[in-house]
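# Architecture at a glance
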Amino acid sequence: PIFYHRTRFWLLRRLFRIFTAPIFDVQFADFFIADQLNSLSTVLLDVSFVFCYYTSYWSQGEEECTAPGIWYRIFIALLPPWFRFAQSVRRYFTTSDWFPHLVNAGKYFSSIVVIVLASIAGIIHKKQDSNEVALLGLDIFAVYVLFACISTLYAYWWDIKMDWGFLDHTSTGHKNKYLRDELLYAGGKKFVYFLIMGLDLILRAVWTINISLADWKFVHKQYVITGTAILEALRRAVWNFIRLENEHLNNCGQFRAVRDINVRVITEHLKQDETKDEDSDQEDIKKRDKDRPSSGSGNPIRRMNSLTGSKSRRHSTASNNSSNLGSGKVPLTRKFDTNV
């Protein structure tokens, strides 16, 4: 295939289903890819910046194309959370379960509110009249920070509880406290998962770097945006591994997938037994040819006994091998984890 066209067309079909949400039923691949788009909002804004920059005066392109009040930049920033919001609402109408679908929709609605408030605060900050606009009796910038904190904690709780399956109070045995019963990565070491939980919280709050450094002009804004975009991509990569692990374990629990596959391992001992069987067959053939009369008629009873003797020896060898394998001398199967 040229450029893996089947995979590319599959991705295009999935993107079409995402962009047309909530028309189609939502499958796992649909909302999984839509989650990736939420971490690529900076990339989408950069695409719009390229079109704007090369269609305007280049000397003024950076200021004109990154201004807070550009309507299409706000629209593009709102698209990823809108996709997930629409998908969650669609799943609610499909399953009639308000939890977790409507609660998940509320998470993305909070992200939409934060983007709108950030755009308004940016426009007002540029005009230097932020003291003249207030919301809920507070400065618009303070309202933006408040809703951003709420949205961050909301999303973090959903990560560890719903997407990753941690804090499972219904687990049997409670062998992994504050986590879940089965841990597949890092040999099931709990401290790795606790480290990931802490890392996710820190990277969820990288938006504070934009406020503390870029908005107060300690560092050039584009440098900060590039750094935070890389950190968000790192967070999403770690999130993907744990999310797929939890999805696979849920599928195994509902008998939609198999965790372990038994594969017969060919050992050196089995290879030697097979070689002996082949040598024994060759000896039987030579002996049969030697005992055959020159006339070519031969004795059919003798030939039958020779063949049955060869087969009985092979079956005897195979039974001895199976007994050795069953006694633990030679491993018959080896367990492989299919961590999809």
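Residues numbered from 1 in each chain as written. Predicted model: local features only at pLDDT ≥ 70, side-chain atom pairs only at ≥ 80, totals over all residues. Heavy atoms only, no water.

## Comments concerning the overall build of the chain
- Counting its secondary structure elements, the chain contains twelve helices and four strands.
- By residue count, 31% of the 340 residues in the chain fall in the buried class.
- Counting only carbon and sulfur atoms, one obtains 63% of the accessible surface of the chain, whose full area is about 22100 Å². (Helix = DSSP H or I, 4+ residues; strand = E, 2+ residues; numbered from the N terminus. Buried < 20%, exposed > 50% of the residue type's maximum accessible area, 1.4 Å probe, protein only. Areas by Shrake-Rupley, 256 points an atom, 1.4 Å probe, with all protein chains shown as cover.)

## Points about the packing of helix α8 (residues 190–204) against helix α10 (residues 221–253)
- Interhelical geometry of α8 versus α10 gives an angle of 140° and a closest axis separation of 10 Å. Here α8 is positioned oblique relative to α10, judged by the angle of their axes. Considering how the two elements wind past one another, α8 and α10 form a crossing that is left-handed. Contacts from Tyr-193, Ile-196, Asp-200, Leu-203 and Arg-204 in α8 reach Leu-231, Glu-232, Leu-234, Arg-235, Val-238, Ile-242 and Glu-245 in α10.
- When grouped by side-chain class, the residues that make up the contact of α8 with α10 number seven nonpolar, no polar and five charged. (Axes fitted to C-alpha atoms, helices over the stretch in contact; angles between N-to-C directions. Parallel < 35°, antiparallel > 145°, perpendicular 65-115°, else oblique. Left-handed = near helix turned anticlockwise from the far one by under 90°. Contact = heavy atoms within 4.5 Å. Nonpolar A, V, L, I, M, F, W, Y, C, P; charged D, E, K, R; others polar.)

## So, the confidence of the model for the chain
- Residues with a pLDDT of 70 or more make up 70% of the chain, whose mean pLDDT is 79.
- Confidence drops under pLDDT 50 across residues 321–340; counting only partners more than four residues distant or on other chains, this segment forms 38 contacts. (pLDDT = per-residue confidence, 0-100.)

## A closer look at the packing of helix α7 (residues 140–163) against α10
- It is the contact of α7 with α10, at a shortest axis distance of 10 Å, that shows an interaxial angle of 30°. Classified by the angle their axes make, α7 and α10 are roughly parallel. Each of Asp-159, Met-162 and Asp-163 in α7 lies in contact with α10, whose residues at this interface are Arg-235, Trp-239, Arg-243 and Asn-246.
- Counted by class, the contact of α7 with α10 contains two nonpolar, one polar and four charged residues.

## Observations regarding the side chain of Asp-163
- Here Asp-163 shows up in helix α7.
- With residues near it in sequence (within four places) discarded, Asp-163 still touches Lys-107, Trp-158, Trp-239, Arg-243 and Asn-246.

## Some remarks on the packing of aromatic side chains
- All told, the structure shown has 17 aromatic pairs when counted by the stated rule.
- The interplanar angle of 35° and the centroid separation of 5.8 Å between the aromatic rings of Trp-82 and Phe-85 together place this pair among those described as tilted. Residue Trp-82 and its partner Phe-85 are both found in helix α5 (residues 71–95); the two are separated by three residues, about one turn of the helix.
- Owing to a relative accessible area of 37%, Trp-82 belongs among the partly exposed residues under this scheme.
- Between Tyr-92 and Phe-93, the aromatic rings sit 5.3 Å apart at their centres with planes inclined by 65°, giving edge-to-face as the arrangement.
- Among the residues examined, Tyr-92 registers a relative accessible area of 26% and is labelled partly exposed.
- Members of the aromatic cluster, each reached through a chain of ring pairs, are Phe-28, Phe-31, Phe-32 and Trp-239.
- Arg-236 extends its terminal NZ or CZ atom over the ring of Trp-239, reaching a point 4.6 Å from the ring centre. (Phe/Tyr/Trp six-rings, centres within 6.5 Å; stacked < 30°, edge-to-face > 60°. Lys NZ or Arg CZ within 6 Å of the ring centre and 35° of its normal.)

## So, α5
- Taking 1.5 Å per residue, 25 residues should reach 36 Å; α5 reaches 36 Å between its end C-alpha atoms and fits that length.
- Of all the bends found along α5, the most pronounced is centred on Leu-79 and spans about 35°, while Pro-80, a proline, follows it within four residues.
- Those residues of α5 that fall on the buried side of the exposure criterion are Arg-73, Ile-76, Ala-77, Pro-80, Pro-81, Phe-83, Arg-84, Ala-86, Gln-87 and Ser-88.
- The first or second residue beyond α5 is Ser-96, which carries a positive phi of 65°. (Expected span 1.5 Å × (residues − 1). Bend = angle between axes of the 7 residues up to and from the residue.)

## Quick look at the pattern of salt bridges
- Considering all chains together, one arrives at eleven salt bridges under this definition.
- Where Asp-163 meets Arg-243, a salt bridge forms, and the shortest distance between an N and an O atom there is 3.8 Å. Pair noted here: Asp-163 is in helix α7 and Arg-243 is in helix α10, with a separation of 80 residues, a long-range link. Of the two residues, Asp-163 and Arg-243, both sit in the buried class.
- Residues joined by salt bridges that share partners form a network here, namely Asp-159, Asp-200, Arg-204, Glu-232 and Arg-235. (Salt bridge = Lys/Arg side-chain N within 4 Å of Asp/Glu carboxyl O.)

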